[in-house]
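# Overview (structure and organization)
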Amino acid sequence: MLDIKMIRENPDKFVELLSRRGGDFSYIYDMVEKDKHRREIILQVEKIKAIRNETSKQIGLLKREKKDASEVMKKVENIGSEIKAFEVELKEIDEYIYNTLLMTPNLPDESIPIGTTEEDNVEIKRIGEIPTFDFEPLPHWDLGTNLDILDFERASKISGSRFVVYKGLGARLERALISFMLDLHSIDHNYKEILPPYIVNRDSMVASGQFPKFEEDAFKVLDERELFLNPTAEVPTINLHRSELIPVEDLPIRYTSFTTAFRQEAGSAGRDTRGIIRLHQFNKVELIKFTRPENSNEELQSMLEDSERVLRLLEIPYRVVNLCTGDLGQSMRKTYDIEVWLPASKQYREICSISNAEDYQARRANIKFKRTKDSKPEYVHTLNGSALAVGRTVVAILENFQQEDGTIRIPKVLIPYMKTDIIK
RNA sequence: GGAGGAAUACCCAAGUCCGGCUGAAGGGAUCAGUCUUGAAAACUGACAGGGCGUUUAUAGCGCCGCGGGGGUUCGAAUCCCUCUUCCUCCGCCA
């Protein structure tokens, strides 16, 4: 959420920067007008409340002394309905402003490239050597089906489209990657490991920025409560500290959090229908940080390195891109994507997204810290990144490590987890 | 699923039946001081915060705030409704 106080200082600046994402943000001016009206009402209603409080105190004193208070009471007999009228109007305006702010995305960082689609993202670096094959490399769905480690037909029988069953060494590969990633981040990179609930409430979805804008992409639990399957470990993990004042000596907080993620993929009908690139259910290891504002940028860089390290150790070629304004997620100020090379389709595909939300989520989630005992609370900065999307890592391993006979070599670092060096 | 009980400041806890000097007793912890070579103990003092509005202002002043939301009332920690969470017992269960 953006800060209404800052918006009213300089609405032009906000409209200009938001417009870089694409779309019409002129409603910001209406909101600023409403905000002005809101403060006028507050001024009036609080004046009346002050009178009421003073008068009620007098009545109390008179009654205690067994004196007649009826004359004083007569003065304020209608004050309740007067206040009520203002409060009804105030509530309406408050809701309008709050809902408008909830729908308004974060300001893109001024440093990031301006653009409309992923075509405008700027490549920062390429790492690793793209493998060459003296045969035609197969897509992962063929490799997986041939080896009987991925079963799409039975998954659709059990659940429907966009699900998969991992079998045998395929299942073990998924599990090996989860353990490898969690070990790397928690032991080598000094993140605290978190295993959160997979079902979250509405407040959590709002706080991290998924709701209200992207509600159609969430799986709702049919239940009298409002609960949702978590779409990314970012949601429960950011919400670990919702409405908390974090002791300053605890910052930065670094978490690595594993969950299965569930998404409707509402806007993606027809895209990536084959294979396990885009499923309703997938596993992901996530990195989440809470930092002081002045440190969030360097923490973003180190988070990128931590995610890259997974791919370096797995010996998978990748590139890093700086997302343009049009491709940026709603909560984020700046995002790096890591894309892995997929030889069958001869393209880079997103496997990881590393972002700095700065104070946007912290304001929604009300997460603060105090520099000293006497200083005013400030919002922390929040960062999150995948490290990595496990299913897509399986894709990258299957495709990059395939051999002519259809078997798959296992990257060296995974052999202790896999107890084998080949899937055949 | 059934039957009860509870939620008050950093922690414990009084107040809630019978609404008004309760912007919330008391204790602990913490911080500062006295004493001491230093510390402990004892004693003295401080200790509700956060949000909002006004404002040059982390000054003042006002509004809100006793789990969340709503209601009754001139006035609610206290009465009513509702939700959430926690605890005890019974049942069920991995």
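Moving on: the sheet that holds strand β10 (residues 281-291). What the eight strands build is an open sheet, ordered β1-β11-β12-β13-β16-β10-β9-β4; its pairing is mixed. The open sheet is flanked by β1 (122-127) and β4 (192-194), the only strands paired with a single partner. Taken over all neighbouring pairs, the strand axes of this sheet differ in orientation by 25 degrees on average, direction set aside. Across the sheet, helix α8 (residues 168-188) touches β4, β9 (253-262), β10 and β16 (381-389), and the angle it forms with β10 is around 5 degrees.

What follows deals with the side chain of Asn356. In this structure, Asn356 sits in strand β13 (residues 347-358). For Asn356, the side chain forms a polar contact with the side chain of Ser296, separated by 3.0 Å. Setting aside residues no more than four positions away along its own chain, Asn356 makes contact with Ser296, Asn297, Leu300, Met332, Arg333, Lys334, His381, Thr382 and Leu383.

Next up on the list: the pairing of β16. The buried fraction of β16 is high, at nine of nine residues. Direction of pairing for β10 relative to β16: antiparallel, over a ladder of seven bridges. Across the sheet, Thr291 pairs through a bridge with His381, a residue of β16. Where β13 meets β16, four bridges bridge the pair, whose relative direction is antiparallel. Note on β16: the bridge partner recorded for Ser355 is Asn384.

Attention now moves to helix α5 (residues 79-103). Taking 1.5 Å per residue, 25 residues should reach 36 Å; α5 reaches 36 Å between its end C-alpha atoms and fits that length. Considered for burial, the residues of α5 that qualify are Ile79, Ile83, Phe86, Leu90, Ile93, Ile97, Thr100, Leu101 and Leu102.

This part takes up the packing of α8 against helix α11 (residues 296-314). Axis separation between α8 and α11 bottoms out at 11 Å; the angle between their running directions is 130 degrees. Taken together, the axes of α8 and α11 are oblique relative to one another. Seen along the crossing, α8 lies across α11 with a hand that is right-handed. The segment α8 lies against α11, with Leu177, Phe180, Met181, Leu184, His185 and Asp188 engaging Asp306, Arg309, Val310, Leu313 and Leu314. Each residue belonging to the contact of α8 with α11 can be placed in one class, and the counts come to seven nonpolar, one polar and three charged.

Attention now moves to the layout of surface pockets. If a probe the size of a water molecule is rolled over the atoms, the empty space left behind becomes visible. Within this model, the second largest pocket holds a volume of roughly 480 Å³. Lining the second largest pocket are 16 residues; nearest its centre among them are Asp3, Ile4, Lys5, Arg363 and Tyr379. When contributions to the lining of the second largest pocket are tallied by element, the ones reaching two or more residues are α1 (4-9) and α5. By residue number, the principal contributor to the lining of the second largest pocket is α5, which donates four residues. Residues that form the lining of the second largest pocket fall into these classes: eight nonpolar, no polar and eight charged. Per-domain counts for the lining of the second largest pocket show at least three residues from each of domain 1 (4-103) and domain 2 (118-423).

Now for the pattern of salt bridges. Within this structure, the stated rule accounts for 33 salt bridges. Put simply, Lys125 and Glu308 hold a salt bridge, and the shortest N to O gap is 2.9 Å. Pair noted here: Lys125 is in strand β1 and Glu308 is in helix α11, with a separation of 183 residues, a long-range link. Relative accessible area serves as the criterion here: at 1%, Glu308 is assigned to the buried category. Linked through salt bridges whose partners overlap, the residues forming this network are Arg8, Asp35, Arg38, Arg39 and Asp94.

Attention now goes to the confidence of the model for chain A. With 100% of its residues at a pLDDT of 70 or more, chain A has an overall mean of 93. In the predicted assembly, ipTM is 0.86 and pTM is 0.93.

Conventions used here
- Residues numbered from 1 in each chain as written.
- Chains lettered and ligands numbered in written order.
- Predicted model: local features only at pLDDT ≥ 70, side-chain atom pairs only at ≥ 80, totals over all residues.
- Heavy atoms only, no water.
- Pairing = 2+ DSSP bridges.
- Helix = DSSP H or I, 4+ residues; strand = E, 2+ residues; numbered from the N terminus.
- Axes fitted to C-alpha atoms, helices over the stretch in contact; angles between N-to-C directions.
- Contact = heavy atoms within 4.5 Å.
- Polar contact = N/O pair within 3.5 Å; in protein donor to acceptor, adjacent residues only side chain to side chain.
- Buried < 20%, exposed > 50% of the residue type's maximum accessible area, 1.4 Å probe, protein only.
- Expected span 1.5 Å × (residues − 1).
- Parallel < 35°, antiparallel > 145°, perpendicular 65-115°, else oblique.
- Left-handed = near helix turned anticlockwise from the far one by under 90°.
- Nonpolar A, V, L, I, M, F, W, Y, C, P; charged D, E, K, R; others polar.
- 1 Å grid on protein atoms, 1.4 Å probe; cavity = no way out; pocket = protein on both sides within 12 Å on 5 of 7 lines; lining within 4 Å.
- Points joined across faces, edges and corners; volume = space filled by probe spheres on them.
- Domains from an automatic or database assignment.
- Salt bridge = Lys/Arg side-chain N within 4 Å of Asp/Glu carboxyl O.
- pLDDT = per-residue confidence, 0-100.

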